[in-house]
Amino acid sequence: MAVITLTTDFGLIDGYVGIMKGVIQGICPGAVVIDITHDIPPQDILSAAFLLHVSYPYFPKDTVHVAVVDPGVGTERRAVALRTSNAFFVAPDNGLLSFIIEDEKVEEVVNLNNPRYRLPKVSATFHGRDIFAPAGAYLAKGVPLKELGQPIDVEDLITFPIPKAHREADEITAQILHVDRFGNLTVNLPMERVREKGEELVMIRLPDEAHPLRLHPQSLKIHIGGYEISGVRRTYAEGNLGEPMTLIGSAGYLEVAIPGDSAAKRMKMKVGDEIKVRIDRGC
Amino acid sequence: MAVITLTTDFGLIDGYVGIMKGVIQGICPGAVVIDITHDIPPQDILSAAFLLHVSYPYFPKDTVHVAVVDPGVGTERRAVALRTSNAFFVAPDNGLLSFIIEDEKVEEVVNLNNPRYRLPKVSATFHGRDIFAPAGAYLAKGVPLKELGQPIDVEDLITFPIPKAHREADEITAQILHVDRFGNLTVNLPMERVREKGEELVMIRLPDEAHPLRLHPQSLKIHIGGYEISGVRRTYAEGNLGEPMTLIGSAGYLEVAIPGDSAAKRMKMKVGDEIKVRIDRGC
Amino acid sequence: MAVITLTTDFGLIDGYVGIMKGVIQGICPGAVVIDITHDIPPQDILSAAFLLHVSYPYFPKDTVHVAVVDPGVGTERRAVALRTSNAFFVAPDNGLLSFIIEDEKVEEVVNLNNPRYRLPKVSATFHGRDIFAPAGAYLAKGVPLKELGQPIDVEDLITFPIPKAHREADEITAQILHVDRFGNLTVNLPMERVREKGEELVMIRLPDEAHPLRLHPQSLKIHIGGYEISGVRRTYAEGNLGEPMTLIGSAGYLEVAIPGDSAAKRMKMKVGDEIKVRIDRGC
């Protein structure tokens, strides 16, 4: 059974999402359609790109991910679809697939300009209904990607730069990747908890280093917005109400939180802002 | 695979929608159930009627549309279902199907009073669960409409008057049909963009005129709430932040918007209010 | 077709629910997944427990109900699943199944500790994805409950006490079980409307009395937060704007409401608070 996901900033109030699903069922009857979210902040392409990046790995092979955050709808911006060995992605060509292009080996990209795989009338304001939902549904139905339009080079897709953490000696400079609805901050430091020789360690994979760091969770001092947070906790339950803490978020990144409060507001941090992580070897 | 849509003012917080879907799966296992919206403003029948009107054309043939905005639940108001050549509609008899009755040739209407196709116990407060969801599910399962209750004449259904735009010489008087969550105003002027002899024109279909008007988009001057807006744009992207603009909305109606602001609030316009569109032939 | 329900406090903004559904489709392709709600107030286990209690009876036999409100995620609290003759329930062992254990004869309970039926990596912060969604999906797929982990006694599950109404002579003492999003109050008095000898009566089932009371709706005087409300109405439509009223809610409990206002706020009542119902035999 084909699976299609939807990620948009359309909200659930005005019926736009329901209409997209109607179009999908008309083309690919019985498709399983799953909402990732429709509450992306209006026109926040980066936020949608990040959410897609952390969500798609949990879907079955060959799922078709349709993402529509589309400030340029009706302009010259292209509608595109791409195929990797794991999944299909359908979106406006506006940077929404930036993370995916880094995550995956892209095998094929097309410009969704074959009118046969759009609705007969294409409006200037709702390509989610007229172009993206049909494209997703035809892919889910098994139409080969190349039928949907002309091939384009993956290098020609619009992407935004994804900030990378880097280390100099014992200081790591990292950036805020995402702020969730509770004001928790996701940092671009991929982390994992591992157990070695009876000890719980955190393993940090820095993008430009061949070998992951293995460190005691207490050895990390996080400097952010004037605060210093010592150590990386396992769970929210280990934190204290109102006190800044860090843990490894469910997407496998360092996360900064203040239980019962918004870290983003209290620390005045937003996407792109820098933080420092110092490694205290004496610890 | 049968498709059922749901349109209600129940919200998603209290579990009512989930319960309706449970009832549906019990009667018609595997039915594809699609939410149009559950965020109709409480008891706003007109808003639900409009949303159904703009949404149902995008669903597969024979979709069963169940709509429940039901201030009269538990009173003498009837529960009804009707069939057109395209779809089924199930709703309280309170005007919710007013647009549908205008849009479609209604082939059959019944009063949903056959207890066999309701839940065994019918509460006085939740007919969405006890009457409407079961009716929708039995129709999706293929039970003939006439089994669900006694036939009634379509003329006997309760409807509210739908305001119609009309033209005198070069002035069109029209009305606000709907206000969306951004405060954008949908006007009862069906419009389409057409290309003729290399020119982009807007085609306006007035309900009491045999032939559509074909006009240059710049020839239209929209007078609304003390504002004059010149011309009809193609996309939101052509507007300027904070400046009133018009375009053809995704449902094929004239739409008045203020990028970054609520046109409804700024212009103090609400559903039913009048606007004027002047045609400037000199243009 | 297997049906799985989801009840969480995850909200729909951050994509967590979509990820759970992706995991489910990967394990049990084509499963019908129904949201009961994802808007449980954060960490409000009691509210989730109540909603599950009033919702599950409307789902098909053998539906798998997955509920995740989990303040103790990542701590020593157990993840459990149980089977009754009607359905499966999957949840953290924190009281979330308290009502279910009272409602149903529990046939089997397991601790969800078999790693084979979890995701390969289990995070410390998102067991909805890593443990509960997989468990629900495997059960929906037909894996026997006992495969999912070690058996435990139902008596060993954590439950919270569910307050019970009781009667002394003509005075019933009852408690608020739930407050809905409109501020309507659900009281732990199971009621039903019956018609006997041409008269409409309310039938009240008190948990420690063998025979239900049969009373004229007007004979009940409800004393709550300093207000006295006379009689039990059939529908909201019988109430007056701003005036306290009672009726039998859709879940079959006495409900206290103020049309157009929040009874919870106006009467300063919350879950657990006591109310009195006096039976006026002279009536």
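Fair warning: this is a prediction, and the values are worked out from it, not measured in the lab.

The subject of this paragraph is the sheet that holds strand β5 (residues 87–92) of chain B. Backbone-to-backbone hydrogen bonds pair the strands of a sheet. The strands run either parallel or antiparallel. Pairing in this open sheet of seven strands is mixed, and the strands run β2-β1-β3-β5-β4-β6-β7 (chain B) from one edge to the other. Here the strands that pair on one side only, and so sit at the sheet edges, are β2 (32–37) and β7 (150–151) of chain B. Two strands pair when backbone bridges link them, and strand β6 (residues 106–111) of chain B and β7 of chain B are joined in this way by two bridges, in the antiparallel orientation. Within β7 of chain B, the residue paired with Asn111 of chain B across the bridge is Gln150 of chain B. Along the sheet face, helix α1 (residues 16–27) of chain A touches β1 (3–8) and β2 of chain B and points at about 150° away from the line of β2 of chain B. Strands β1, β2, β3 (63–68) and β5 of chain B of the sheet are contacted by helix α2 (residues 45–55) of chain B, whose axis makes an angle of about 125° with β2 of chain B.

Taken together, the contact between chain A and chain B spans 26 residues of the former and 27 residues of the latter. Considering only the surface of chain A that becomes buried against chain B, Ile13, Asp14 and Thr125 of chain A emerge as the three largest contributors, covering 24% of it. Our count for the contact surface shared by chain A and chain B stands at two salt bridges. We note a salt bridge from Lys121 of chain A to Glu192 of chain B, for which the minimum N-O separation is 3.3 Å. At the boundary of chain A with chain B, the tally comes to 11 residue pairs in polar contact (both at pLDDT 80 or more). For the side of chain A that touches chain B, the element with the highest residue contribution is α1 of chain A, accounting for eight residues. Partitioning the side of chain A that touches chain B into residue classes produces 11 nonpolar, 10 polar and five charged.

Let us look at the relation of the copies chain A and chain B. Structural alignment of chain A on chain B gives an RMSD of 0.0 Å, achieved by rotating through 120° and translating 0.0 Å along the axis. Here the transformation between the copies is reduced to the relation of a three-fold axis. Interface overlap between copies is the fraction of interface residues in one copy that are interface residues in the other; for chain A against chain B it is only 4%, indicating separate surfaces.

The description of two aromatic rings rests on the distance between their centres and on the angle between their planes. Applying the stated criterion across every chain, the model contains 21 aromatic pairs over all chains. Aromatic side chains Phe50 of chain A and Phe99 of chain A sit 5.9 Å apart centroid to centroid with 75° between the ring planes, which places their arrangement in the edge-to-face category. In this pair, Phe50 of chain A is assigned in helix α2 (residues 45–55) and Phe99 of chain A in helix α3 (residues 98–103), connecting sequence segments 49 residues apart. Pair check on accessibility: Phe50 of chain A and Phe99 of chain A agree, each one buried. Centroid distance Phe10 of chain B to Phe126 of chain B: 5.7 Å. Interplanar angle 85°. Geometry classified as edge-to-face. Taken together, the positions of Phe10 of chain B in the loop between β1 and α1 (16–27) and Phe126 of chain B in the loop between β6 and α4 (127–141) put the pair 116 residues apart, joining distant regions of the chain. Of the two residues, Phe10 of chain B and Phe126 of chain B, neither departs from the other in class, the shared state being buried. An aromatic cluster is present here, built from Phe10, Tyr16 and Phe126 of chain A joined pairwise through their rings.

Turning our attention to the interface of chain A and chain C. Chain A puts 27 residues into the contact, and the matching count from chain C is 26 residues. Buried surface at the junction of chain A and chain C, summed over both partners, amounts to about 2,100 Å²; 61% is from carbon and sulfur atoms. Considering only the surface of chain A that becomes buried against chain C, Tyr58, Arg181 and Ser250 of chain A emerge as the three largest contributors, covering 30% of it. Our count for the chain A to chain C interface comes out at two salt bridges. The interface formed by chain A and chain C contains 11 residue pairs in polar contact (both at pLDDT 80 or more). Listing elements by their share of the side of chain A that touches chain C, those giving two or more residues are β2 (32–37), α2 and β15 (245–248) of chain A. Of the residues forming the side of chain A that touches chain C, the biggest block, five residues, is contributed by β2 of chain A. The residue inventory of the side of chain A that touches chain C, partitioned by class, reads 16 nonpolar, five polar and six charged.

Attention now moves to the sheet that holds β2 of chain A. All names here are of chain A. Across the sheet, seven strands lie side by side as β2-β1-β3-β5-β4-β6-β7; this open sheet has mixed pairing. Edge strands, defined here as strands with exactly one partner in the open sheet, are β2 and β7 (150–151). In this structure, strand β4 (residues 79–84) lies alongside strand β5 (residues 87–92), joined through five bridges in antiparallel fashion. When the sheet's bridge partners are listed, Arg83 is paired in β5 with Phe88.

When chain A is fitted to chain C, the residual RMSD is 0.0 Å, and the transformation amounts to a turn of 120° plus an axial shift of 0.0 Å. The overlap is low: 4% of the interface residues of chain A also sit at the interface in chain C, so different surfaces are used on the two sides.

All names here are of chain A. Two elements in contact, α1 and helix α4 (residues 127–141), have axes separated by 8 Å at closest approach and are oriented at 40°. In this structure, α1 crosses over α4, and the sense of that crossing is right-handed. In contact with Ile19, Met20, Val23, Ile24 and Ile27 of α1, α4 contributes Gly128, Arg129, Ala133, Pro134, Ala137, Tyr138 and Lys141.

A separate point is helix α1 (residues 16–27) of chain C. Residues and elements named next belong to chain C. Taking 1.5 Å as the rise per residue, α1 with 12 residues should run 16 Å; its terminal C-alpha atoms sit 17 Å apart, in good agreement. Counting buried residues along α1, 10 of its 12 residues qualify, which places the element largely inside the surrounding structure. Every buried residue belonging to α1 is among Val17, Gly18, Ile19, Met20, Lys21, Gly22, Val23, Ile24, Gln25 and Ile27, and all of these are buried.

Let us look at the domain arrangement of chain A. All names here are of chain A. According to the domain assignment, chain A consists of domain 1 (3–156) and domain 2 (166–279). In this assembly, domain 1 packs against domain 2 so that about 520 Å² is buried in total across both faces, 73% of it on carbon and sulfur atoms. For the pair domain 1 and domain 2, the interface holds zero salt bridges. The interface formed by domain 1 and domain 2 includes one residue pair in polar contact (both at pLDDT 80 or more). Of all the elements, α2 adds the most residues to the side of domain 1 that touches domain 2, at six residues. Partitioned by chemical class, the residues of the side of domain 1 that touches domain 2 number six nonpolar, two polar and no charged.

Thresholds, definitions, all that
Residues numbered from 1 in each chain as written. Chains lettered and ligands numbered in written order. Predicted model: local features only at pLDDT ≥ 70, side-chain atom pairs only at ≥ 80, totals over all residues. Heavy atoms only, no water. Pairing = 2+ DSSP bridges. Helix = DSSP H or I, 4+ residues; strand = E, 2+ residues; numbered from the N terminus. Contact = heavy atoms within 4.5 Å. Axes fitted to C-alpha atoms, helices over the stretch in contact; angles between N-to-C directions. Buried area = accessible area lost by both parts, 1.4 Å probe. Salt bridge = Lys/Arg side-chain N within 4 Å of Asp/Glu carboxyl O. Polar contact = N/O pair within 3.5 Å; in protein donor to acceptor, adjacent residues only side chain to side chain. Nonpolar A, V, L, I, M, F, W, Y, C, P; charged D, E, K, R; others polar. Least-squares fit on C-alpha atoms with pLDDT ≥ 70 in both. Phe/Tyr/Trp six-rings, centres within 6.5 Å; stacked < 30°, edge-to-face > 60°. Buried < 20%, exposed > 50% of the residue type's maximum accessible area, 1.4 Å probe, protein only. Left-handed = near helix turned anticlockwise from the far one by under 90°. Expected span 1.5 Å × (residues − 1). Domains from an automatic or database assignment.

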